[in-house]
Amino acid sequence: MTSAAAVLDLPGHAPALPLITVRDLRVAYGEHVVLDGVDLDLRPGETVALLGSSGSGKSTLMRSLTGFAPVTRGTVRVAGHDVTHLPRGGLRALRSDVGQVFQQFHLIPRLSVLTNVLTGALHEAGAVNLVGGFSRAHRVRAMALLDRVGIAHKAKEPARSLSGGQQQRVAIARALMQQPRVILADEPVASLDPRLAGSVLRLLRQIATEDGIPVLVSLHVLPLALEHADRVVGLRHGRVLVDAPAAQADPAALAALYAGEDEHDDHDL
Ligand SMILES: Nc1ncnc2c1ncn2[C@@H]1O[C@H](COP(=O)(O)OP(=O)(O)O)[C@@H](O)[C@H]1O
Ligand SMILES: [Mg+2]
């Protein structure tokens, strides 16, 4: 963990404080313990791949970071929010600080690409005025983000007309529209072919480094994680089995994450 931080630190500066801190996290649905004793740190600018076979707890860990999982023990801090002890209104404030990207994009298909990006600003007061819809400043920002993700030329097209890779870029621009302090991407490339998967992961990592925000991305495919993440965290039956810089992760430990996977057929949980 320290070496990943060291890579990001400027000489003579104290290590950047983590923006996501999870300690001894336990999540249980009734009797079913889904996460147990999970520790996790993500620092500004760091891309961390969350690995593990289907059912290992990746999505549950992501959900615990936005207050959507039944935490029964431990602490979860995200961008200064104490997720397990949120004050009134705190859930809304937390979720406006967390940009999320999903496997199925979750765009509104009939609306334009630009409008889909603008919906990322909906939590902001003043984003929408009664006469003209979204403010001019927001439209300018949304266009700049579409340019940044490489699809400004599609701004007026309905979202449904875009390819999967393009739709995921729209979803990333929408997440950026809310000026997130962290980004969570749950299987963002599982619906894309390998070439597009690589380009979407490169984009996420570029955002992490350029904007200095941590990106937590869950991935099924190990080589993609090793190529596109600074650090890999591997879950097995709800426990952290691996937490290492991508270049130094122990191949045997990584293989152990998937040992016996054929016994399970519960895909896409
Ligand atoms: N809402 C829920 N109620 C009960 N069990 C759940 C719920 N969500 C997830 N689980 C269980 O938690 C385990 C981990 O699921 P999940 O976090 O979706 O894993 P992954 O994303 O790694 O595939 C699975 O056994 C799943 O059945
Ligand atoms: Mg999942």
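Here the structure is a predicted model, which is why all the values come from computation and not from measurement. (Residues numbered from 1 in each chain as written. Chains lettered and ligands numbered in written order. Predicted model: local features only at pLDDT ≥ 70, side-chain atom pairs only at ≥ 80, totals over all residues. Heavy atoms only, no water.)

Draft legend 1. The arrangement of the overall build of the protein chain in detail. Summing up its helical and strand segments, the protein chain has nine helices and twelve strands in all. Within the span of the protein chain, comprising 269 residues, buried residues form 48% of the whole. If you take every contact in the protein chain between residues at least 6 apart in sequence, the share linking residues at least 24 apart comes to 69%. For the protein chain, the exposed area adds up to about 12,800 Å²; of that, 55% sits on carbon and sulfur atoms. (Helix = DSSP H or I, 4+ residues; strand = E, 2+ residues; numbered from the N terminus. Buried < 20%, exposed > 50% of the residue type's maximum accessible area, 1.4 Å probe, protein only. Contact = heavy atoms within 4.5 Å. Areas by Shrake-Rupley, 256 points an atom, 1.4 Å probe, with all protein chains shown as cover.)

Draft legend 2. Geometry of the pattern of salt bridges. Applying the stated criterion across every chain yields a total of ten salt bridges. In this structure, R231 engages E46 in a salt bridge whose closest nitrogen and oxygen atoms are separated by 2.9 Å. Pair noted here: R231 is in strand β11 (residues 231–236) and E46 is in the loop between β2 (32–42) and β3 (47–51), with a separation of 185 residues, a long-range link. Take R231: its relative accessible area is 0%, and that puts it in the buried class. Using a relative accessible area of 1% as the deciding quantity, one classes E46 as buried. In this structure, the salt-bridge partner of R231 is D243, at a minimum N-O distance of 2.6 Å. (Salt bridge = Lys/Arg side-chain N within 4 Å of Asp/Glu carboxyl O.)

Draft legend 3. Geometry of the layout of surface pockets. Taken as a whole, the second largest pocket holds about 360 Å³ of empty space. Around the second largest pocket, the lining is made up of 15 residues, and of these R95, V98, Q100, G120 and Q178 lie nearest the centre. At the level of elements, α3 (90–97), β6 (98–102) and α6 (164–177) are the ones that each hand at least two residues to the lining of the second largest pocket. A per-class count over the lining of the second largest pocket returns six nonpolar, six polar and three charged. (1 Å grid on protein atoms, 1.4 Å probe; cavity = no way out; pocket = protein on both sides within 12 Å on 5 of 7 lines; lining within 4 Å. Points joined across faces, edges and corners; volume = space filled by probe spheres on them. Nonpolar A, V, L, I, M, F, W, Y, C, P; charged D, E, K, R; others polar.)

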